Amino acid sequence: MSNIVAIILLAVGACATTAQAFADGRDGYVFCDNGLRCVAAPCPSHSALDLTTGKVIKGVSIDIDGLPQEDKALDLSDKLYAGKVVIAGSIESRSQTLNGKQSTQPWLVATGIERAARDSERSHCSAH
């Protein structure tokens, strides 16, 4: 009986840890250039793979203002372009005026750099 209780407590603890990670907005994403080019904004030339769901979010922009200073110093432009890092953060919709029209676009709000991205996580990137 005590083994069953221990297993249940272990499972509840694991679920609570996962729920806390999602509540903190620390989902993982691989952001990159997807190879599309446009002549007018908004342009869906960037995408982000949501590692939790496996969904590719097209037309996403990235906000790196919330990154810690040590993450900002990592020569991010090349790494982001090629999808070489996993970004911790969350996707939010932001409204802006483009060419005189109101538009709502997805933004990846980055809160940290998790790790290097695997090749399989970069398959939606043009530089893959």
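The preceding data block contains the structure.
Let us look at the structure shown here. (Residues numbered from 1 in each chain as written. Predicted model: local features only at pLDDT ≥ 70, side-chain atom pairs only at ≥ 80, totals over all residues. Heavy atoms only, no water.)

Section: the environment of Arg94
Then, number 1: Its place among the elements puts Arg94 in strand 5 (residues 85-98).
Then, number 2: Exposure remark for Arg94: the relative accessible area of 24% places this residue in the partly exposed category.
Then, number 3: Taking the C-alpha atoms as reference points, Arg94 and Gln105, separated by 11 residues in sequence, lie 5.6 Å from one another.
Then, number 4: Apart from residues lying up to four places away in sequence, Arg94 is in contact with Asp63, Ser103, Thr104, Gln105, Trp107 and Val109.
Then, number 5: Looking at Arg94, its side chain comes within polar contact range of the side chain of Asp63, at 2.8 Å. (Helix = DSSP H or I, 4+ residues; strand = E, 2+ residues; numbered from the N terminus. Buried < 20%, exposed > 50% of the residue type's maximum accessible area, 1.4 Å probe, protein only. Contact = heavy atoms within 4.5 Å. Polar contact = N/O pair within 3.5 Å; in protein donor to acceptor, adjacent residues only side chain to side chain.)

A word on the sheet that holds strand 3 (residues 56-58)
Then, number 1: Taking strand neighbours across the sheet as the criterion, the six strands line up as 3-2-1-5-6-4 in an open arrangement whose pairing is mixed. Unpaired on one side and paired on the other, strand 3 and strand 4 (61-63) mark the two borders of the sheet. Averaged over neighbouring strand pairs, the angle between their axes works out to 40° when direction is ignored.
Then, number 2: Bridge count for strand 5 against strand 6 (residues 101-116) is 14 bridges, and the pairing is antiparallel. The partner of Val85 across the bridge, within strand 6, is Ala116. (Pairing = 2+ DSSP bridges. Axes fitted to C-alpha atoms, helices over the stretch in contact; angles between N-to-C directions.)

Side note on the packing of aromatic side chains
Then, number 1: Summed over the entire model, instances satisfying the criterion amount to zero aromatic pairs.
Then, number 2: When the ring centre of Trp107 is taken as reference, the NZ or CZ atom of Arg94 above it lies at 5.0 Å. (Phe/Tyr/Trp six-rings, centres within 6.5 Å; stacked < 30°, edge-to-face > 60°. Lys NZ or Arg CZ within 6 Å of the ring centre and 35° of its normal.)

Limitation: the analysis is restricted to geometry and does not speak to function.
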